[in-house]
Amino acid sequence: MSGQSYADLRDFIDQVERLGALRRIDGADPVCEIGGITEVAAGLPKCPALLFDAIKGHSRGFRVFTNATVSPQRAALALGIDPALEPLDALKEWKTRRTTLKMQAPVTAKHALFLENSRAGADADLTLFPAPLWHKQDGGSYIGSGSIVVMRDPDSGWINASIYRVQVHGRDRVTIQFDHEGRHGAIIARKYRERGKPCPIAVVNGPDPALFVAGFEYLPEGVCEYDFAGAIKRQPIEVVPGPVTGLPLPARAESVLEGTLLPITETSLPEGPFGEFTGYYAAEKRPAPVMQVEAMHWRNDPILLGSPPMKPPRFHFGLPLRAAGIWSNLENAGVTDVVGAWQHVAQLMTVIAVKQRYAGHSKRAGLIAAAQSYMGRVVVTVDDDVDPSDLADVMWAITTRCEPSESVDIVRNAWSSALDPRLTVEARTHGQTSHSKMIIDACKPFGWKDEFPQTSALSFDDARAIKDKWMPALRG
Ligand SMILES: Cc1cc2nc3c(=O)[nH]c(=O)nc-3n(C[C@H](O)[C@H](O)[C@H](O)COP(=O)(O)O)c2cc1C
Ligand SMILES: [Mn+2]
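Residues numbered from 1 in each chain as written. Chains lettered and ligands numbered in written order. Predicted model: local features only at pLDDT ≥ 70, side-chain atom pairs only at ≥ 80, totals over all residues. Heavy atoms only, no water.

Notes on the overall build of the protein chain
Put simply, the rule is: Only DSSP runs of H or I reaching four residues or more are called helices, and only runs of E reaching two or more are called strands; each is numbered from the N terminus. Throughout this description, buried means an accessible area under 20% of the type-specific maximum (1.4 Å probe, protein chains only), exposed means over 50%, and partly exposed covers the range between. Only heavy atoms enter the contact rule, under which two residues are in contact if any of them lie within 4.5 Å. Method for areas: the Shrake-Rupley scheme with a 1.4 Å probe, in which residue coverage is limited to the protein chains shown. Counted as positive: Lys and Arg. Counted as negative: Asp and Glu, with His and the chain ends omitted from the count. By convention, the charge on Lys lies at NZ, on Arg at CZ, on Asp at CG and on Glu at CD.
When helices and strands are counted, the protein chain shows 13 helices and 22 strands. Along the first, second and third principal axes, the C-alpha atoms of the protein chain reach 75 × 55 × 40 Å. Residue burial in the protein chain is summarised as follows: out of 476 residues, 53% are buried. A sequence separation of at least 24 residues applies to 72% of the contacts in the protein chain between residues at least 6 apart. Put simply, the protein chain shows about 21200 Å² of open surface, and 53% of that area lies on carbon and sulfur atoms. Looking at the protein chain, you have 52 positive and 56 negative side-chain charges, and the mean spots of the two groups are 1 Å apart.

Written out as structure tokens, the structure reads:
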């Protein structure tokens, strides 16, 4: 069964409300309170999505929506997958669908909802929007924490539309943060700079959740995130050329900024620091390119999609999309009988479940998963009677099936990043960003797995049958 689709962010919010997962909050302060409430809510066992209105210092109607896709249920909804599926089943469906997605180019619509209100030139004033100061030590307010930055390649016309954070600096200027020079936005900006040409740019605040997913996905250079979002939705994204930049912009977006990205060699502003998804600050203020805002447009009662990084296990997406990629990598590498893959601690721990068929099977899976685990120091392999999406189940396997002196391997100089809090000061100053990874084999030892003590626990199938029959009695 596939899930419903949604027309835009508002429609998604309506569907979340029908699932009983929306909370409306009036009167919060954009300075640390919206961020604080969002973080506390994201730590609850059943994290609700939050719609903030009547925000302190702002007109009613200028709203902020957070924790949009933080739960597995709402992540499934965003992907067009049945939100009633168990998390691992939902991820498995996404892994399968991902390989057969049909890209859908956007279509041009007649009207843009985001043009209901506009201000241009000297009338532009970003302070109209309740851009939150998300964490106390942040260097400023961010209007874009889940926004899409749209740019056009000057050679091929390729449109790139992915997520980079956007900090507010006064009434008509923002900075765009490219993590590194390989970001598609950074590559495009460099081309304009080298030709001495102004770089048109737009920031889409309040994008459709499918665009949010597409903006995070690693797509190859030359591929447009709009096409991928269309594939997720099984229908093309409707776009309208921006009145200032001519860039194709999602017609149903909540609000849009249009303008020019100034060459960083001539203009920059100190950006950050900004709390990262590891739960730490990774860098001090750093110079970032400035966008001069020439026009701002918004729908009536516009909604900012807020997706601040938070201390793990909180993560912007409730299904670990990168684990689905690793699961596919394992299959493509010829590793059979992988029955599950998951990531915990905001991607920092990878778990692979295998039905062991031969000696070395689980280690083969663990080594490949380790190679593909960005920033993850811990990789665990478990048997097929353990649910990799359930951290308690994984810890049960580690504490009962793994003998540390035999079952742990360490791989050195592996893939991490400058965001890694545990890089040594020395490594950091040399730009050395690799770390080591621990592969924990928490499977029953293959050589004597049939002599391993039998588990007294219900099998997944038995537990499911009991739930089907007895859940109403248990719920009371
Ligand atoms: C909520 C969120 C915030 C992000 N913030 C940034 C950011 O500030 N800078 C950045 O370079 N990447 C950021 N990313 C990661 C990129 O969006 C992601 O790697 C994307 O694939 C890059 O697209 P590109 O290949 O078109 O450059 C963020 C991702 C998410 C989901
Ligand atoms: Mn891209």
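Back to the write-up after that little detour.
So, the site of ligand 1
This is how the line gets drawn: If even one non-hydrogen atom of a residue comes within 4 Å of a molecule or strand, that residue is called near it. Polar contact criterion, stated in full: a pair of N or O atoms within 3.5 Å, where within protein one must be able to donate a hydrogen and the other to accept it, and residues adjacent in sequence count only if both atoms are side-chain atoms. With a 1 Å grid spanning the protein atoms alone, the term cavity applies to any set of points in which a 1.4 Å probe fits but cannot get out, the term pocket to an open set with protein on both sides within 12 Å along at least five of seven lines, and the term lining residue to any residue with an atom within 4 Å of a point. Think of it this way: if more than half of a molecule's atoms are within 2 Å of a pocket's grid points, that molecule is in the pocket or cavity.
Around ligand 1, the surrounding shell holds 18 residues, and the nearest of these are Ile 163, Tyr 164, Arg 165, Asp 179 and Arg 183. Between Gln 177 and ligand 1, the recorded distance is 2.8 Å, taken from a backbone N or O atom to a nitrogen atom. Alone, ligand 1 offers 640 Å² of accessible surface; in the complex the protein occludes 90% of this. Cavity membership is defined here by more than half of the atoms lying within 2 Å of grid points; on that basis ligand 1 lies in the second largest pocket.

A word on unusual backbone geometry
The amide bond that connects Gly 272 to the next residue, Pro 273, takes the cis arrangement and shows omega of -5 degrees. If you trace the backbone, Pro 273 turns up in the loop between strand S15 (268-271) and strand S16 (286-298). Along the chain, Pro 312 connects to Pro 313 via a cis peptide bond; the corresponding omega equals 15 degrees. Mapped onto the secondary structure, Pro 313 falls in the loop between strand S17 (303-306) and helix H8 (321-332). Not every positive phi belongs to a glycine, and Ala 346 is a case in point at roughly 50 degrees. For Ala 346, the location among the structural elements is in the loop between strand S18 (338-344) and strand S19 (349-354).

Section: a nonpolar patch on the surface
For clarity, the cut-off: Patch construction takes residues with relative accessible area above 30% that form no salt bridge. Like charges are linked within 9 Å, and nonpolar side chains (Val, Leu, Ile, Met, Phe, Trp, Tyr) are linked within 5 Å. Salt bridges are defined as contacts in which a side-chain nitrogen from Lys or Arg sits within 4 Å of a carboxyl oxygen from Asp or Glu.
A contiguous nonpolar patch, built from Leu 458, Ile 466, Trp 470 and Leu 474 and spanning about 450 Å² of accessible area, is present on the exposed surface. Along the chain, Ile 466 falls in helix H13 (residues 460-475). Assessed through its relative accessible area of 40%, Ile 466 is described here as partly exposed.

As for the coordination of the manganese ion (ligand 2)
Heads up, the rule is: With water excluded from the atoms, a metal site may look incomplete; its donors are any N, O or S atoms within 2.8 Å, or within 3.2 Å for Na, K and Ca.
Distances from the manganese ion (ligand 2) to its protein donors, Asn 160 (OD1), His 184 (ND1) and Glu 225 (OE), fall at 2.1 to 2.3 Å. Overall, the relative accessible area of 15% leaves His 184 in the buried class.

Topic: the sheet that holds S19
Worth spelling out the cut-off: Each pair of strands is called paired provided DSSP finds at least two bridges between the two strands. In this description, a line fitted to the C-alpha atoms serves as the axis of each element, helices being fitted only across the stretch in contact, and the angle between N-to-C directions of two axes falls anywhere from 0 to 180 degrees.
Spatial strand order, S18-S19-S20-S22-S21: five strands in an open sheet with mixed pairing. Of all strands in the sheet, those bounded by a partner on one side alone are S18 and strand S21 (408-414). The average angle at which neighbouring strand axes cross in this sheet is 20 degrees, direction not considered. Helix-sheet contacts for H8 involve S18 and S19, and the interaxial angle to S18 is about 145 degrees.

Description of empty space enclosed by the protein
Condition: Grid points are joined across faces, edges and corners, and a volume is the space filled by probe spheres set on the points.
This structure, assessed with the given rule, holds two cavities of 30 Å³ or more. In terms of lining residues, the largest cavity is bounded by Asn 67, Ala 68, Thr 69, Val 70, Phe 212, Leu 305, Gly 306, Ser 307, Pro 308, Met 310 and His 316. Put simply, the second largest cavity is a space of about 30 Å³. What lines the second largest cavity is simply Gln 4, Ser 5, Tyr 6, Leu 77, Ala 78, Leu 79, Gly 80, Ile 232 and Lys 233.

Quick notes on the packing of helix H4 (residues 87-98) against H8
Put simply, the rule reads: Oblique is the label for every angle not falling under 35 degrees (roughly parallel), over 145 degrees (roughly antiparallel), or within 65 to 115 degrees (roughly perpendicular). A crossing counts as left-handed when the near helix is turned anticlockwise from the far one by less than a right angle, and as right-handed when that turn is clockwise. We call Asp, Glu, Lys and Arg charged. Ala, Val, Leu, Ile, Met, Phe, Trp, Tyr, Cys and Pro are nonpolar, and the rest, Gly among them, are polar.
Between H4 and H8, the least distance of the axes is 9 Å, while the angle of their chain directions is 60 degrees. Taken together, H4 and H8 sit at an angle that is classed as oblique. For the crossing formed where H4 meets H8, the hand is right-handed. Side by side, H4 and H8 meet where Leu 88, Leu 91, Lys 92, Trp 94, Lys 95 and Arg 98 of the first sit next to Leu 321, Ala 323, Ala 324, Gly 325, Trp 327, Ser 328 and Glu 331 of the second. Here the contact of H4 with H8 is composed, by residue class, of seven nonpolar, two polar and four charged.

As for the packing of aromatic side chains
Stated precisely, the cut-off is as follows: Stacked, edge-to-face and tilted labels apply to pairs of Phe, Tyr and Trp rings (six-membered ring for Trp) whose centres lie within 6.5 Å, assigned for plane angles under 30 degrees, over 60, and everything in between, in that order.
Evaluated as defined, the whole model comprises nine aromatic pairs. Taking 6.0 Å as the distance between ring centres and 85 degrees as the angle between the ring planes, the aromatic pair formed by Phe 129 and Trp 298 counts as edge-to-face. Residue Phe 129 is located in the loop between strand S5 (117-120) and strand S6 (142-144), and its partner Trp 298 is located in strand S16; the two are separated by 169 residues in the primary sequence. Judged by its relative accessible area of 5%, Phe 129 falls in the buried class. Take Trp 298: its relative accessible area is 9%, and that puts it in the buried class. Grouping aromatic residues by their ring pairs yields a cluster made of Phe 62, Phe 129 and Trp 298.

Side note on helix H2 (residues 33-42)
An α-helical turn contains 3.6 residues, so a residue and the one three or four places further along point in the same direction. In plain terms, the rule: Directions pointing from the helix axis toward each C-beta atom define the arc.
Those residues of H2 lying buried are Ile 34, Gly 35, Thr 38, Ala 41 and Ala 42. Across the axial projection of H2, the buried residues extend over an arc of 135 degrees, all falling on one side. Against strand S2 (49-53) and strand S3 (63-66) lie the buried residues of H2.

Notes on the domain arrangement of the protein chain
Where we set the bar: These domain limits were set by an automatic method or by a database of domain assignments. Accessible area that two parts lose when put together, evaluated with a 1.4 Å probe and summed over both, is termed the buried area.
Structurally, the protein chain comprises domain 1 (9-306) and domain 2 (321-475). One C-alpha centre belongs to domain 1, the other to domain 2; they are set 32 Å apart. Counting residues at the interface gives 19 residues for domain 1 and 24 residues for domain 2. Where domain 1 abuts domain 2, roughly 1900 Å² becomes buried across the two surfaces, and 70% of that area is made up of carbon and sulfur atoms.

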